[in-house]
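# An overview of the molecular structure
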Amino acid sequence: HGRWNFFRLSTVVMFSFYKNAIMAGCLIVFNAETVYSGTPLFDDWVIAMLNFVAGLPIMVYGVFDRCLDKDYVKRNPEVYEPSRKNELMTVRVMLRWVILTFVHIFSLYHFTVQPLAKGGGISTAFNGLANKLSDDEPGEAEGGDLQSVGAVTFTCLILLLALKVLYESKSLINGQWPAIRCGSDSKDGFLSRLGYTWAGVTFGSIFFWFFFIYMYEIIGNNQGPGSFFNFTGVTTHVLGMRTINWLLIIFVPIFATSFDVAAKVFGNMYYPTQTQIHIELEAAEKARAKQELKERQNEDAGSADAEQSAVPSDEAI
């Protein structure tokens, strides 16, 4: 249990710095567009929601993630060595996090703010969600304003952080697909086999974020002038009238995550850690055990068929 906690908390610490650096980095880069006036890219209440929306998935990860099954750990005590050597807090690991932070900042900024604010927000480029708007209301589907661009960028940020948590989770390697699958052959109880990381990301982050921005708009509409009024009509406009926003929301986080995937695949192939080696050994061990079980079942089925065919039938008698 202590080994699991060490690996969980190491990732939680690195992710917490990474999460705040991503948002702050977008604000800093955007200041170059505003002559360093301090104008924020995101709405104040949206910024305040970051730790709530993006914090729950990593908290779930920090409580439930397991890099290796407890049976494998008990049979291989050498897996405790990486924790004594501080494997997850080395200069190499921290440098990877820092480099990915800068890569993700510029990916988010230059693939959302630049396309939308510098010409892309003037028109939808094609009708899409705006095909039913009246010709008497020109410009209704434009989205180059600060609130709309900030909402799209922050939505991409939330999805990127959610993908990052899933990618750091070892359950993607050791778990069964789907993640909530509960096989009867497992020695753990039902609650120990649920996909908490997936649930935390799906319901605690992505769904919660969309729920929040819709509620924010509704409160602003009902309250009138005040601190919530700046977001009035933004959610409906961004998500309901502009197809290009959905294209960016879907593909920008995937594009940014591809750098993370490439870096980790390269590291695992050419510079694997001891933990990664044991993860692959455990996966091979499970696959071998599953194959042997399948072969025994086939042999038992073949023996049963042979015995049944050897019994003389009534007609033969």
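Rules used in this analysis
Residues numbered from 1 in each chain as written. Predicted model: local features only at pLDDT ≥ 70, side-chain atom pairs only at ≥ 80, totals over all residues. Heavy atoms only, no water. Patch = residues over 30% accessible without salt bridge, like charges linked within 9 Å, V, L, I, M, F, W, Y side chains within 5 Å. Areas by Shrake-Rupley, 256 points an atom, 1.4 Å probe, with all protein chains shown as cover. Salt bridge = Lys/Arg side-chain N within 4 Å of Asp/Glu carboxyl O. Helix = DSSP H or I, 4+ residues; strand = E, 2+ residues; numbered from the N terminus. Axes fitted to C-alpha atoms, helices over the stretch in contact; angles between N-to-C directions. Left-handed = near helix turned anticlockwise from the far one by under 90°. Contact = heavy atoms within 4.5 Å. Nonpolar A, V, L, I, M, F, W, Y, C, P; charged D, E, K, R; others polar. Buried < 20%, exposed > 50% of the residue type's maximum accessible area, 1.4 Å probe, protein only. Phe/Tyr/Trp six-rings, centres within 6.5 Å; stacked < 30°, edge-to-face > 60°. Lys NZ or Arg CZ within 6 Å of the ring centre and 35° of its normal. Core = buried A, V, L, I, M, F, W, Y, C linked by side-chain atoms within 4.5 Å.

## Things to note about a nonpolar patch on the surface
Taken together, the side chains of F52, F208, F211, M215, I218 and I219 present a nonpolar region at the surface, about 560 Å² in accessible area. Among the elements that make up the nonpolar patch, the one with the highest residue count is helix α10 (residues 196-223) (five residues). Looking at the secondary structure, you find F211 in helix α10.

## A closer look at the packing of helix α8 (residues 146-168) against helix α12 (residues 243-270)
Between α8 and α12, the shortest axis-to-axis distance is 9 Å and the interhelical angle comes to 35°. With respect to the hand of their crossing, α8 and α12 are arranged in right-handed fashion. Of α12, the residues touching α8 (which contributes V152, T155, C156, L159, L160, L163, K164, Y167 and E168) are N245, L248, I249, V252, P253, I254, A256, T257, D260, V261, K264 and V265. Taken together, the residues of the contact of α8 with α12 sort by class into 14 nonpolar, three polar and four charged.

## Considerations on the environment of V73
For V73, the location among the structural elements is in helix α5 (residues 70-75). A residue is classified by how much of its surface remains accessible, and V73, at 7% relative accessible area, is buried. Separated by 205 residues in sequence, V73 and H278 place their C-alpha atoms 9.5 Å apart. Ignoring any residue separated from it by four or fewer positions in sequence, one finds V73 in contact with R3, L68, V79 and Y80.

## Topic: the packing of aromatic side chains
Aromatic ring pairs are described here by two measures, namely the spacing of the ring centres and the angle between the planes. Counting across every chain of the model gives 13 aromatic pairs. Considering the side-chain rings of Y216 and F231, the 4.6 Å spacing of their centres and the 5° angle between planes classify their relative orientation as stacked. With Y216 in helix α10 and F231 in the loop between α10 and α11 (234-240), the pair connects residues that are 15 residues apart, well separated along the chain. Ring geometry for F266 and Y270: centres 5.1 Å apart, planes at 45°, overall tilted. On the criterion of helical spacing, the pair formed by F266 and Y270 is a turn pair, its members being four residues apart in helix α12. For F266, a relative accessible area of 46% puts it in the partly exposed group. Through successive ring pairs, a cluster of aromatic residues spans F42, F154, W209, F212, Y216 and F231. Between the NZ or CZ atom of K164 and the centre of the ring of Y18, over which it lies, the distance is 5.7 Å.

## Notes on the environment of F229
Considering the arrangement of structural elements, one finds F229 in the loop between α10 and α11. In this structure the C-alpha to C-alpha distance between F229 and I219, which are ten residues apart in sequence, comes to 8.1 Å.

## Topic: the pattern of salt bridges
As enumerated under the stated definition, the model contains seven salt bridges in all. Of the charged contacts, one joins E168 and R96 as a salt bridge, the two residues approaching to 4.0 Å between their closest N and O atoms. Of this pair, E168 sits in helix α8 while R96 sits in helix α7 (residues 91-120), and the two are 72 residues apart along the sequence. Relative accessible area serves as the criterion here: at 6%, E168 is assigned to the buried category. The class of R96 is partly exposed, set by a relative accessible area of 22%. The partner of K164 in a salt bridge is D260, and the shortest N-O contact between them spans 2.4 Å. One end of the pair, K164, is in helix α8; the other, D260, is in helix α12, with 96 residues separating them in the sequence. The class for K164 is buried, based on a relative accessible area of 1%. Here the residues in one salt-bridge network are R96, K164, E168, D260 and K264, joined through shared partners.

## Considering the nonpolar core
Core analysis: the biggest nonpolar cluster contains 54 residues, and F42, V46, L50, L108, F154, L157 and W209 have the highest contact counts within it. Among the secondary structure elements, those contributing two or more residues to this core are α1 (2-31), α3 (50-53), α4 (55-64), α7, α8, α10, α11 and α12. The leading source of residues in this core is α8, at 13 residues. Not counting residues within four places of it along the chain, the set of residues in contact with W209 comprises V46, V53, A151, F154, T155 and I158. C67, V73, V79 and L88 belong to the second-largest nonpolar core, a separate cluster that totals eight residues.

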